[in-house]
Amino acid sequence: MSTERLPAERLAAALEPHLHQNFPVSGAAQVRSFNRTERGFATETYLFELEDESGTLPLVFRRPPEMSLFPDYDLLRQVLVMQRLATTDLPVATPIWLDRTDEQLGSPYFVMSRLPGTAPGDYPSYHVTGTYFEATPEQRARMWWGCIDTIADIHQLDWRALNLDFLALPKHGDQPVEQVVNYLDATLRWATEGDLPETYAKAITYLRDNLYEPEHLTLCWGDSRMSNILYDEDFRVTGVLDWEIAYLGDHEADLAWMLFMDWASSTFEGHDPLPGTPTREETIAYYEKRTGMQVRNLVYNEILAAVLLSVPLLRMANRIQLPPEMNITGFCTTRIEQLLP
C-alpha cells in the first residue's frame, strides 16, 4: 500500500532507518545536513551526509518531481546508465540502492555517492557568477575543454559492450534520428496536451523533412552542458552528472546541446561569453580532432536540442498555467526561429 508523498522537511527522518537497512553503517548513523540543491528540475536532488562514529560520508538522494516533466520518466533508467558506466573511466556517481515503489517515502527514490568538486551554475548563468565567472581566461578554457573532452569520451564508449542498448527508442521508428524526432513529436503533444505552439510544430516538420542517417551511432549524454560537470580547485573534471535523458543517437546532438546552452547563458542574455571561452568554430575543430568524427549536421541538432529542452518547460507552463509574461521557453523559441531556414 502506497504512502503519501513526503514533504522535503520530513524526508531526512524517514530516510534514516532505510539507510541502516541498505547500507553498512552502525545503528548510530544519522542523517545530517539534508538540503535540496536547485540543480536541474527534472529530478528533485538533495545533498546530505551520513554520520557515525567512523566518520562522515557525503551522499545524494534523488526522487521524481511531484509533477512529471517527461511521460516516460524512470529512475531505473539513470541508475542503470550510471551502474554500467562505472566500469569506464568516466567519473560518475555510484548508485547505492534504488526503491522503485512509493511504499517507504511516498515516491520512488535512489541514493548514490556524492562526487567531489563544484559545478558552474545555470541560473544565474556561469557567465555572470560562480566558479567560471571568477576563473581566469586560461582556467575557463581548461574547464571548457574538460567538458568537450568528457563529451568526446562518452561518444567513444562501446555502448553495445556496456549493455546500453535499452536506451534505443525502437517504438518510435526504424532509424536513430527518426526515433528521436518521433519521440519529441509525441512528447511535445503530451506536454502541451495537443496545443502545440507554431514554432515547435514548424521545428518538428523541419526535423522530419530533413531526417538523415548518422555516420556514428553513439551513447548520447542528453544533458551535455558545463553545469553538469564537477571541477576541482585546479579546474579539472571530477564528476559527470545527470543521465536522465541519455539515449542512443547521433554524436553531434551532445555537442549541439552544449553550444546551445552556452548561447542561452550568454548571447541570449545580452552579453558576450567571458574571455577565455573558446568559440563555436574552435570547439567544433577541437571535437573533430579529438574524436575523429566529423560535424556535419550541427544546425539540425541544435534545433533538436532546443525542442527537447522545451518539453519540460512547456509541460510546466501548461500545467501551472503561467502568465504570458513568464515566457520560460523564450530562449528555446528564439533559437529555433533563428536556425530554421
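So, a few notes on the structure that sits alongside this text. A quick note: this is a predicted structure, and the numbers were derived from the prediction, not measured.

Regarding its fold elements, the protein chain presents 10 helices and nine strands. Taken against the 2.2 N^0.38 rule, which gives 20 Å for 341 residues, the C-alpha radius of gyration of the protein chain at 20 Å falls within 12% of a compact globule. Residues classed as buried in the protein chain amount to 54% of the 341 residues present. Split by element, the accessible area of the protein chain, about 15500 Å² in all, is 49% carbon and sulfur. Charge-centre separation for the protein chain: the mean point of 27 positive side chains lies 1 Å from the mean point of 50 negative side chains.

Turning our eyes to something else, we now look at the environment of T277. Examined against the element boundaries, T277 turns out to sit in the loop between helix 7 (252-265) and helix 8 (280-291). Residues T277 and R142, 135 residues apart in the sequence, show an inter-C-alpha distance of 9.2 Å. When near neighbours in sequence (up to four residues on either side) are disregarded, T277 contacts H127, Y132, W144 and D262. Side-chain polar atoms of T277 contact the side chain of Y132, separated by 2.6 Å. One polar contact links the side chain of T277 to the main-chain carbonyl oxygen of L274, over a distance of 2.8 Å.

Nonpolar side chains tend to gather and get buried jointly when the protein is soluble and globular. Counting residues in each nonpolar core, the largest one holds 50 residues, and the members touching the most others are L85, L219, M226 and W243. Counting residues per element, the ones that place at least two in this core are helix 2 (75-85), strand 5 (109-113), helix 4 (137-155), strand 7 (229-231), helix 7 and helix 8. Among the elements that take part in this core, helix 4 stands out by supplying seven residues, more than any other. In contact with M226, not counting residues within four places along its chain, are P120, Y126, Y132, M143, W144, C147, Y231 and M258. Core analysis: the next-biggest nonpolar cluster, separate from the first, contains 43 residues, Y183, L188, L314 and I336 among them.

Another point: the sheet that holds strand 2 (residues 44-52). The five strands lie next to each other as 1-2-3-5-4, forming an open sheet whose pairing is antiparallel. Strand pairing shows two members of the sheet lacking a second neighbour, strand 1 (30-37) and strand 4 (95-99), which therefore form its edges. Here the strands of the sheet are splayed against their neighbours by 20° on average, with no regard to which way each runs. As paired elements, strand 3 (residues 55-63) and strand 5 share four bridges and run antiparallel to each other. Within strand 5, the position partnered with F61 by the bridge is V111. Helix 1 (residues 8-22) rests against strand 1, strand 2, strand 3, strand 4 and strand 5 of the sheet, and its axis sits at about 130° to strand 1.

Most of helix 2 sits inside the fold, with eight of its 11 residues counted as buried. Looking at helix 2, one finds that the buried residues are L75, R77, Q78, V79, L80, V81, M82 and L85. For helix 2, the elements touching its buried residues are strand 3, strand 4, strand 5, strand 6 (217-220) and strand 9 (247-250). Its side-chain oxygen at 3.0 Å from the backbone nitrogen of L76, D74 defines the N-terminal cap of helix 2.

Looking now at the packing of aromatic side chains. Enumeration over the complete set of coordinates arrives at 15 aromatic pairs. On the numbers, 6.2 Å between centres and 20° between planes, the contact of F260 with W263 is stacked. Residue F260 and its partner W263 are both found in helix 7; the two are separated by three residues, about one turn of the helix. Since its relative accessible area comes to 11%, W263 is described here as buried. Here a set of aromatic residues connected by ring pairs shows up, and it is made of F34, Y46, F48, F61, W97 and Y109. Here R335 stacks its cationic end above the ring of W263, 4.9 Å away from the centre of that ring.

On to the state of the cysteines, then. Here the structure, examined in full by the defined rule, presents zero disulfides. Unpaired in this structure, C147 has its nearest cysteine sulfur neighbour in C220, at a distance of 14 Å. On the basis of relative accessibility, which here comes to 0%, the residue C147 falls in the buried class.

Another point: the pairing of strand 5. Among the five residues in strand 5, four count as buried, and that is most of the element. Here strand 4 pairs with strand 5 via four bridges, running antiparallel. Counterpart to P95 in the pairing with strand 5 is M112.

This next bit is on the pairing of strand 8 (residues 237-240). When a strand is regular, its side chains alternate between the sheet's two faces. Of the strand pairs in this sheet, strand 7 and strand 8 are connected by three bridges, and their pairing is antiparallel. Looking at strand 8, one finds that L230 is bridged to G239. Counting the residues that bridge the hairpin from strand 7 to strand 8 gives five residues, and of these F235 lies at a positive phi of roughly 65°.

About the criteria used
Residues numbered from 1 in each chain as written. Predicted model: local features only at pLDDT ≥ 70, side-chain atom pairs only at ≥ 80, totals over all residues. Heavy atoms only, no water. Helix = DSSP H or I, 4+ residues; strand = E, 2+ residues; numbered from the N terminus. Rg over C-alpha atoms; globule rule 2.2 N^0.38 Å. Buried < 20%, exposed > 50% of the residue type's maximum accessible area, 1.4 Å probe, protein only. Areas by Shrake-Rupley, 256 points an atom, 1.4 Å probe, with all protein chains shown as cover. Lys, Arg positive; Asp, Glu negative; His and termini not counted. Charge placed at Lys NZ, Arg CZ, Asp CG, Glu CD. Contact = heavy atoms within 4.5 Å. Polar contact = N/O pair within 3.5 Å; in protein donor to acceptor, adjacent residues only side chain to side chain. Core = buried A, V, L, I, M, F, W, Y, C linked by side-chain atoms within 4.5 Å. Pairing = 2+ DSSP bridges. Axes fitted to C-alpha atoms, helices over the stretch in contact; angles between N-to-C directions. Phe/Tyr/Trp six-rings, centres within 6.5 Å; stacked < 30°, edge-to-face > 60°. Lys NZ or Arg CZ within 6 Å of the ring centre and 35° of its normal. Disulfide = S-S within 2.5 Å.

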